[in-house]
Amino acid sequence: MNSIIRRPFPYTYKNYTLIIILLNVAVFLAAKVWPAIDYYLALNTYNCLAGRMFWQPFTYMFVHGNFQHLFFNMLGLFFFATSVERAIGSREFLLMYLTVGVLGGVTSLLVYFFTGMYLVYLLGASGAIYGMLFAYAVIFPKNRIFIWGIIPVPSPILVIAYAVIEVLSQFTGTRSGVAHMTHLAGFAFAFLYFVIRMGVNPIKVWKDAYR
């Protein structure tokens, strides 16, 4: 079974990151012409389950609420996913991106269902992008990311810092409209992807990098 799960793809580079960015932009522009598209594509518990819109745990990550939301998500996707895709190949990258994004959507759907949050609409690629940030930190553990272009932070430290912020925001009653649970799911499923699919323990990678 492990040999099937961990069977590598032949390395190819097709710049799927750019294609994903263009798809997000296309959906955003389409929503300007046909605003109802958000109703069908964003993830809503009632619509997904009672309305049988079972595609929503996939399509939610291509929908954005406003230009700022789209711009910063695509900027993060460009910076982190491009490097990840070049390192592991386009097919592996696409599988990782979609797996993390969809499982993040399913997790959010379950949370919303069991907590009675039936009116919430989840949209945006940030869960999958958090997964790409995690992947970047595993593949390039010694790289530094400059916060505000000034403060250098080792990539694993940035992941840990973001995880702590998301946990505190999720469980201290912060209500900002940000899907903190989806972000945490992005980290968690990226971690599991490395362990199960790639046979890599991210914690060990980080320990070895800074031993």
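Residues numbered from 1 in each chain as written. Predicted model: local features only at pLDDT ≥ 70, side-chain atom pairs only at ≥ 80, totals over all residues. Heavy atoms only, no water.

J.: Please explain the overall build of the chain as it appears in this structure.
T.: Of the regular secondary structure elements, the chain holds 11 helices and four strands. Its C-alpha atoms give the chain a radius of gyration of 17 Å, near enough to 17 Å, the size a compact globule of 211 residues would have. Seen through its C-alpha atoms, the chain measures out along the principal axes to roughly 50 × 40 × 35 Å. The buried share of the chain, taken over its 211 residues, is 42%. Sequence separation of 24 or more characterises 73% of the internal contacts of the chain that already satisfy a separation of 6 or more. Accessible area for the chain stands at about 11,500 Å²; split by element, carbon and sulfur atoms hold 70% of it. For the chain, the distance from the average site of its 14 positive side-chain charges to the average site of its 5 negative ones is 6 Å. (Helix = DSSP H or I, 4+ residues; strand = E, 2+ residues; numbered from the N terminus. Rg over C-alpha atoms; globule rule 2.2 N^0.38 Å. Buried < 20%, exposed > 50% of the residue type's maximum accessible area, 1.4 Å probe, protein only. Contact = heavy atoms within 4.5 Å. Areas by Shrake-Rupley, 256 points an atom, 1.4 Å probe, with all protein chains shown as cover. Lys, Arg positive; Asp, Glu negative; His and termini not counted. Charge placed at Lys NZ, Arg CZ, Asp CG, Glu CD.)

J.: Please explain the environment of asparagine 201 as it appears in this structure.
T.: Topologically, asparagine 201 is positioned in the loop between α10 (180–196) and α11 (202–209). With relative accessibility at 39%, the residue asparagine 201 sits in the partly exposed group. Taking the C-alpha atoms as reference points, asparagine 201 and valine 138, 63 residues apart in sequence, are found 8.9 Å from one another.

J.: Any chance you could explain the pattern of salt bridges here in plain terms?
T.: If the charged atoms of two oppositely charged side chains come close together, the side chains can form a pair. As enumerated under the stated definition, the model contains three salt bridges in all. Residues aspartate 208 and lysine 204 are paired through a salt bridge, measuring 2.9 Å at the closest nitrogen-oxygen approach. Placement of both aspartate 208 and lysine 204 in helix α11 is noted, with a separation of four residues, approximately one turn of the helix. Notably, a salt bridge pairs arginine 211 with aspartate 208, separated by 2.8 Å at the nearest N-O pair. Residue class for arginine 211 comes out exposed when judged on its relative accessible area of 80%. Through salt bridges that share partners, Lys204, Asp208 and Arg211 make up one connected network. (Salt bridge = Lys/Arg side-chain N within 4 Å of Asp/Glu carboxyl O.)

J.: Can you help me understand the packing of aromatic side chains in this one?
T.: Each aromatic ring pair is characterised by the separation of its centres together with the angle its planes make. Under the definition given, this model contains 17 aromatic pairs. With a centroid separation of 5.7 Å and an interplanar angle of 65°, the aromatic rings of phenylalanine 78 and phenylalanine 79 are classed as edge-to-face. When its relative accessible area of 46% is taken as the criterion, phenylalanine 78 is described as partly exposed. Here the aromatic rings of tyrosine 136 and phenylalanine 140 are separated by 5.0 Å at their centres, their planes lie at 45°, and the arrangement is tilted. Each residue in the set Tyr130, Phe134, Tyr162, Phe187, Phe191, Phe194 and Trp206 is aromatic and connected to the rest through ring pairs, giving one cluster. (Phe/Tyr/Trp six-rings, centres within 6.5 Å; stacked < 30°, edge-to-face > 60°.)

J.: Hey, could you run me through the packing of helix α6 (residues 67–88) against helix α8 (residues 126–139) in this one?
T.: When two helices pack together, you describe them by how their axes are tilted relative to each other and by the distance separating the axes. α8 packs onto α6 with a crossing angle of 45° between their chain directions and a minimal axis gap of 9 Å. Of the possible angle classes, the one that applies to α6 and α8 is oblique. Considering only the axes of α6 and α8, their crossing is left-handed. Where α6 approaches α8, its residues Asn73, Gly76, Leu77, Phe80, Ala81, Ser83, Val84, Ala87 and Ile88 are matched on the opposing element by Ser126, Ile129, Met132, Leu133, Ala135, Tyr136 and Ile139. The residue makeup of the contact of α6 with α8, split by class, is 12 nonpolar, four polar and no charged. (Axes fitted to C-alpha atoms, helices over the stretch in contact; angles between N-to-C directions. Parallel < 35°, antiparallel > 145°, perpendicular 65-115°, else oblique. Left-handed = near helix turned anticlockwise from the far one by under 90°. Nonpolar A, V, L, I, M, F, W, Y, C, P; charged D, E, K, R; others polar.)

J.: What's the story with the environment of tyrosine 121 in this structure? I'm lost.
T.: With respect to the helices and strands, the residue tyrosine 121 is situated in strand β2 (residues 121–122). Looking at tyrosine 121, the relative accessible area reads 36%, which means it is partly exposed. Among the polar contacts listed, one links the side chain of tyrosine 121 to the side chain of asparagine 47, at a separation of 3.2 Å. (Polar contact = N/O pair within 3.5 Å; in protein donor to acceptor, adjacent residues only side chain to side chain.)

J.: I keep staring at the pairing of strand β4 (residues 151–154) and nothing clicks. Help me out?
T.: Note that strand β3 (residues 144–147) and β4 share four bridges and pair antiparallel. Residue pairing across strands places phenylalanine 146 opposite proline 152, the latter belonging to β4. Here β3 folds back onto β4, and the loop between the two strands holds three residues, one of which, tryptophan 148, carries a positive phi near 55°. (Pairing = 2+ DSSP bridges.)

J.: How do you make sense of the packing of α6 against helix α7 (residues 90–114) when you look at a structure like this?
T.: One way to put it is that α6 packs onto α7 with a least axis distance of 7 Å and a crossing angle of 130°. It follows that α6 is oblique to α7 by the angle criterion. Listed contacts from α7 to Leu77, Ala81, Val84, Glu85 and Ile88 of α6 are Ser90, Glu92, Phe93, Met96 and Tyr97. Its residues assigned to classes, the contact of α6 with α7 comprises seven nonpolar, one polar and two charged.

By themselves, these figures tell us nothing about what the structure is for.
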